[in-house]
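Observations on chain architecture
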Amino acid sequence: MLRVLAVDDEEPALAELLYLLRADPRVGAAEGATDATEALRRITRAVEAGPDGDEAIDVLFLDIQMAGLTGLDVARLLAGFARPPLIVFVTAHEGFAVHAFDLKAVDYVLKPVRRERLSEAVRRVAEQAEALGHRRAAPPATTTPDTIPVELGGVTRLVAVQDIAYAEAQGDYARLHTQDASHLVRIPLTTLEERWQQHGFVRVHRRHLVALHRIDELRLDGGSMSVRVGDAELAVSRRHASRLRELLLRRSAS
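Residues numbered from 1 in each chain as written. Predicted model: local features only at pLDDT ≥ 70, side-chain atom pairs only at ≥ 80, totals over all residues. Heavy atoms only, no water.

A few words on the domain arrangement of the chain. Interfaces are often described in size by the accessible area the parts lose on coming together. Domain annotation of the chain identifies domain 1 (1-133) and domain 2 (145-250). The C-alpha centroid of domain 2 is placed 33 Å from the C-alpha centroid of domain 1. By the criterion of area lost to domain 2, the three top residues of domain 1 are Thr37, Leu69 and Leu77, representing 44% of everything that side buries. Viewed at the interface, domain 2 and domain 1 are joined by zero salt bridges. Where domain 1 packs against domain 2, one counts zero residue pairs in polar contact (both at pLDDT 80 or more). In terms of residue count, helix 2 (residues 36-49) provides more of the side of domain 1 that touches domain 2 than any other element does, five residues in total. (Domains from an automatic or database assignment. Buried area = accessible area lost by both parts, 1.4 Å probe. Salt bridge = Lys/Arg side-chain N within 4 Å of Asp/Glu carboxyl O. Polar contact = N/O pair within 3.5 Å; in protein donor to acceptor, adjacent residues only side chain to side chain. Helix = DSSP H or I, 4+ residues; strand = E, 2+ residues; numbered from the N terminus.)

Let us look at a negative patch on the surface. On the surface, Asp9, Glu10, Asp35 and Glu38 cluster together into a patch of negative charge. Inspection of the secondary structure puts glutamate 10 in the loop between strand 1 (2-7) and helix 1 (11-22). Judged by relative accessible area, glutamate 10 falls into the partly exposed class, the value being 47%. (Patch = residues over 30% accessible without salt bridge, like charges linked within 9 Å, V, L, I, M, F, W, Y side chains within 5 Å. Areas by Shrake-Rupley, 256 points an atom, 1.4 Å probe, with all protein chains shown as cover. Lys, Arg positive; Asp, Glu negative; His and termini not counted. Charge placed at Lys NZ, Arg CZ, Asp CG, Glu CD. Buried < 20%, exposed > 50% of the residue type's maximum accessible area, 1.4 Å probe, protein only.)

All right, on to the layout of surface pockets then. Think of a ball as big as a water molecule: rolled over the atoms, this probe shows where empty space is left. Within this model, the largest pocket holds a volume of roughly 510 Å³. Within the residue set of the lining of the largest pocket, elements represented by two or more residues are helix 2, helix 3 (71-78), strand 6 (147-152), strand 10 (182-185) and helix 6 (189-196). It is helix 2 that provides the largest number of residues to the lining of the largest pocket, a total of seven residues. Per-class residue counts for the lining of the largest pocket are 16 nonpolar, five polar and seven charged. Among the domains, domain 1 (1-133) and domain 2 (145-250) are the pair contributing at least three residues each to the lining of the largest pocket. (1 Å grid on protein atoms, 1.4 Å probe; cavity = no way out; pocket = protein on both sides within 12 Å on 5 of 7 lines; lining within 4 Å. Points joined across faces, edges and corners; volume = space filled by probe spheres on them. Nonpolar A, V, L, I, M, F, W, Y, C, P; charged D, E, K, R; others polar.)

Another aspect to go through is the sheet that holds strand 11 (residues 201-205). If you walk across this open sheet you meet the five strands as 10-9-8-12-11, and the pairing is antiparallel. The sheet is open, and its two borders are formed by strand 10 and strand 11, each paired with just one other strand. Averaged over all adjacent pairs, the angle separating strand axes in this sheet is 25°, with direction ignored. Sheet topology note: the strand 9 (residues 173-178)/strand 10 ladder contains four bridges and is antiparallel. By the bridge assignment for strand 10, leucine 176 is matched with histidine 183. (Pairing = 2+ DSSP bridges. Axes fitted to C-alpha atoms, helices over the stretch in contact; angles between N-to-C directions.)

See the structure below:
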């Protein structure tokens, strides 16, 4: 039984699509999202929960032209995961088909959606999901895309992970600091720590996660340690001090 997330910023179109999907016996659950940012948050929770979790997603039925990130942007972002959800594009525009299939979409359904055509798309998804063992394969915890979506002035943009100097815990949120700006995202710092380990990020304090290559200086003052990252000076807790020293020594030796 397929677990589906449908994404469309036009609520009547989304409601109709969900109605048709829920009527298909091969669909076990179908939920909706009205924009790409909401969809990415939902997908992030699904990936964290694993393929057997209650929030797992097998396939996205994804509109292309939406405010902020387009459906094509979402598909490019998900390509960074080892096992992203399968994608079916649902759109009123024929002109994006080449781009859609370049992104390995399973199908491309034109609006207004006909029940028979949608049924064919679900059949293709079900066959491919079974062939790939899609719902049984768990993605590695450290495999992540190289960008992260942030909201800026009501618009969702992608920030490259390599441009982030450090992240700061703010409750269930994290504030990402780049050279020129900061962005608040609804992701706990512990989650970013797991995802960005492969990008050279290291925990220096319960409140701070730092890109190793962005550390300009290690400072010792009595029994206290801190690092300078650009204009910021961040405390290093005793718990993380020895690990940080080890990583900095490896980096200087390489």
